[in-house]
Amino acid sequence: MRLAIIGAVLLAAGGVAVATGAPPVTDLMALVDRVAPILLFVVAMTVVTELCSEAGVFLWIARRLRYWGRGYSILLWLFLAAFATLSTVFLSLDTTAVLLTPVVVSVTRQAGLPALPFALTTVWLANTASLLLPISNLTNLLAQHSLGGISPGGFAALMWAPSLAAVVVPLLFIAIVFRRDLRNRYSRIPVRRIRPDQPAGSGSKAAAPDRVLLGCTALVLALLLPALVSGVPVWIPALAGAVVLGVVFAFRRPGVLSLSLIPWSLLLFASGLFLVMESARHLGAPILLGQLAGQGQGFPDLVRLAATGAAGSNVLNNLPAYLLAEPLAASPVRMAALLVGVNAGPLITPWASLATLLWHDRLARMNVLITWRGYALFGLIVAPLTVFAAVAVLVAAGH
């Protein structure tokens, strides 16, 4: 509801700006042409991932990982970190924050382990692991358009080195700070608990999962992932996957299908934000920001641009920070540095990315208490280290 209210206010402010001629109608139509396919993809993928969760796909995988951990916390943590990374890369950071967080907490509780290091791993990787593919983050999809519609393979070739660094640095930090917790052992037989705070939509509430539904959903997901990186406009396979899963659920579990599967609040927020940021660009905001971000392509200049994106993300939010700084990223390497800042940098304030807010909401529902002060203190260490390391390997990779 808060997100929807903010979105409505942004739309109203953007409407006033349009009425005064900033931006012009022609630029407004170009904006709609640019963002409409992206928002359609976001809606379709949200439906796909929600239905996958309802079918129990995520929980089934997490339980297998708990078993494969062989009773060692460090192995379980590494498996869940890999799961969070893959989920972020192929299904987006919001999927990891919203759907994987309850699963990770449930699995660690079944194993009798402290949830904090696993929960932090989930939210940090939801942000920092979102650099590799266009579909990993909404900012990447916008950047793909600015880079002339670069293919997913070309995007990955540009971003693989900073993406790797952005995953490794937070994991090293957690491995050091929580080394005692990660040395614990656990029983491979889950601790059965009935909890009143079990989150809805995690796929875990059914005592006996529908195996036909689970198999069909897993098959659709397995076919969808390569289609998303095939070079076809991503909204096409995402929409096809959503339709197929909708038909499957209509036969097996029709009660799940409802309009609430569509992220109305996110659509309202994103639409309003796009409109306001387009107006801000026409009023000269990028010119002022350029004084901070610089213009060069050497290592100090790229660090400066990435730091500007990270600071803007933690002050405002990563999406408006990207939109304001996008005109300053006039080359592939500067675009990569900006993405490092706005994707891997939002680890300090709770509003820095929508995924972080969604993650904390899921934790609160499951009675996992993490103070924003403690989160910010960790982030003040991890975010600068991650951004600096990612830009360094970007330059070292020869881009």
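Remember, it's a predicted structure, so these values are computed and weren't measured experimentally. (Residues numbered from 1 in each chain as written. Predicted model: local features only at pLDDT ≥ 70, side-chain atom pairs only at ≥ 80, totals over all residues. Heavy atoms only, no water.)

1. Overview of the environment of Tyr 322
Summarising the element assignment, Tyr 322 is placed in helix H15 (residues 318–325). The spacing of Tyr 322 and Ile 38 is 284 residues in sequence and 15 Å in space, taken between C-alpha atoms. Not counting chain neighbours up to four residues away, the residues in contact with Tyr 322 comprise Arg 34, Thr 139, Leu 142, Ala 143, Ser 146, Met 335, Leu 338, Leu 339 and Val 342. (Helix = DSSP H or I, 4+ residues; strand = E, 2+ residues; numbered from the N terminus. Contact = heavy atoms within 4.5 Å.)

2. Digging into the nonpolar core
In terms of nonpolar packing, the biggest core is built from 132 residues, with Phe 41, Trp 124, Phe 274, Tyr 322, Leu 339 and Trp 359 touching the most fellow members. Ranked by the residues each element gives to this core, the list is headed by helix H2 (residues 25–55), at 15 residues. Here Phe 41 is in contact with Ile 135, Leu 141, Leu 228, Val 234, Trp 235 and Ala 238, once residues within four sequence places are set aside. (Core = buried A, V, L, I, M, F, W, Y, C linked by side-chain atoms within 4.5 Å. Buried < 20%, exposed > 50% of the residue type's maximum accessible area, 1.4 Å probe, protein only.)

3. Notes on the packing of aromatic side chains
With the rule as written, the count across this model stands at eight aromatic pairs. With 5.5 Å between their ring centres and 75° between their planes, Phe 173 and Phe 378 make a pair best called edge-to-face. Taken as a pair, Phe 173 in helix H8 (residues 152–177) and Phe 378 in helix H18 (residues 372–396) lie far apart in primary sequence, 205 residues in all. Exposure remark for Phe 173: the relative accessible area of 14% places this residue in the buried category. Ring geometry for Phe 299 against Phe 388: centres 5.5 Å apart, planes inclined by 80°, an arrangement best described as edge-to-face. In this pair, Phe 299 sits in helix H14 (residues 299–315) while Phe 388 sits in helix H18, placing the two residues 89 residues apart along the sequence. Judged by relative accessible area, Phe 388 falls into the partly exposed class, the value being 47%. An aromatic cluster is present here, built from Trp 124, Phe 173, Phe 178 and Phe 378 joined pairwise through their rings. (Phe/Tyr/Trp six-rings, centres within 6.5 Å; stacked < 30°, edge-to-face > 60°.)

4. Topic: the environment of Ala 344
Structurally, the position occupied by Ala 344 is in helix H16 (residues 332–344). Ala 344 sits in the buried class, given a relative accessible area of 0%. In the structure, Ala 344 is positioned 101 residues away from Val 243 in sequence and 33 Å away in space, judged by C-alpha atoms. Setting aside anything within four residues of it in sequence, one finds Ala 344 in contact with Asn 127, Thr 128, Ala 166, Leu 339, Thr 386 and Val 387.

5. Details of the packing of H8 against H18
In contact at an axis separation of 8 Å, H8 and H18 are set at 150° when each is read in the N-to-C sense. Read as a crossing pair, H8 and H18 show a hand that is right-handed. Here Leu 158, Ala 161, Pro 162, Ala 165, Ala 166, Val 169, Pro 170, Phe 173 and Val 177 of H8 come into contact with H18, specifically with Phe 378, Ile 381, Val 382, Leu 385, Thr 386, Ala 389, Ala 390, Val 393 and Leu 394. Looking at side-chain class alone, the contact of H8 with H18 contains 17 nonpolar, one polar and no charged residues. (Axes fitted to C-alpha atoms, helices over the stretch in contact; angles between N-to-C directions. Left-handed = near helix turned anticlockwise from the far one by under 90°. Nonpolar A, V, L, I, M, F, W, Y, C, P; charged D, E, K, R; others polar.)

6. Here we look at helix H11 (residues 235–252)
For H11, built from 18 residues, the straight-helix expectation of 26 Å at 1.5 Å per residue is met to within 8% by its first-to-last C-alpha distance of 25 Å. The complete set of buried residues in H11 reads Pro 237, Ala 238, Gly 241, Ala 242, Leu 245, Gly 246, Val 248 and Phe 249. Taken together, the buried residues of H11 touch H2 and helix H10 (211–228). (Expected span 1.5 Å × (residues − 1).)

7. Brief notes about empty space enclosed by the protein
Within this structure, the stated rule accounts for two cavities of 30 Å³ or more. Size it by volume and the largest cavity reaches roughly 50 Å³. Lining the largest cavity we find Leu 31, Arg 34, Val 35, Leu 142, Phe 274, Met 277, Glu 278, Arg 281 and Leu 323. Secondary structure elements with two or more residues in the lining of the largest cavity: H2 and helix H12 (264–282). With four residues, H12 is the single largest residue contributor to the lining of the largest cavity. For the lining of the largest cavity, the class distribution of residues is six nonpolar, no polar and three charged. Together, Leu 80, Ala 81, Ala 84, Val 104, Phe 118, Thr 121 and Thr 122 line the second largest cavity. Mapped by element, the contributors of at least two residues to the lining of the second largest cavity are helix H4 (73–91) and helix H6 (116–128). In terms of residue class, the lining of the second largest cavity is built from five nonpolar, two polar and no charged. (1 Å grid on protein atoms, 1.4 Å probe; cavity = no way out; pocket = protein on both sides within 12 Å on 5 of 7 lines; lining within 4 Å. Points joined across faces, edges and corners; volume = space filled by probe spheres on them.)

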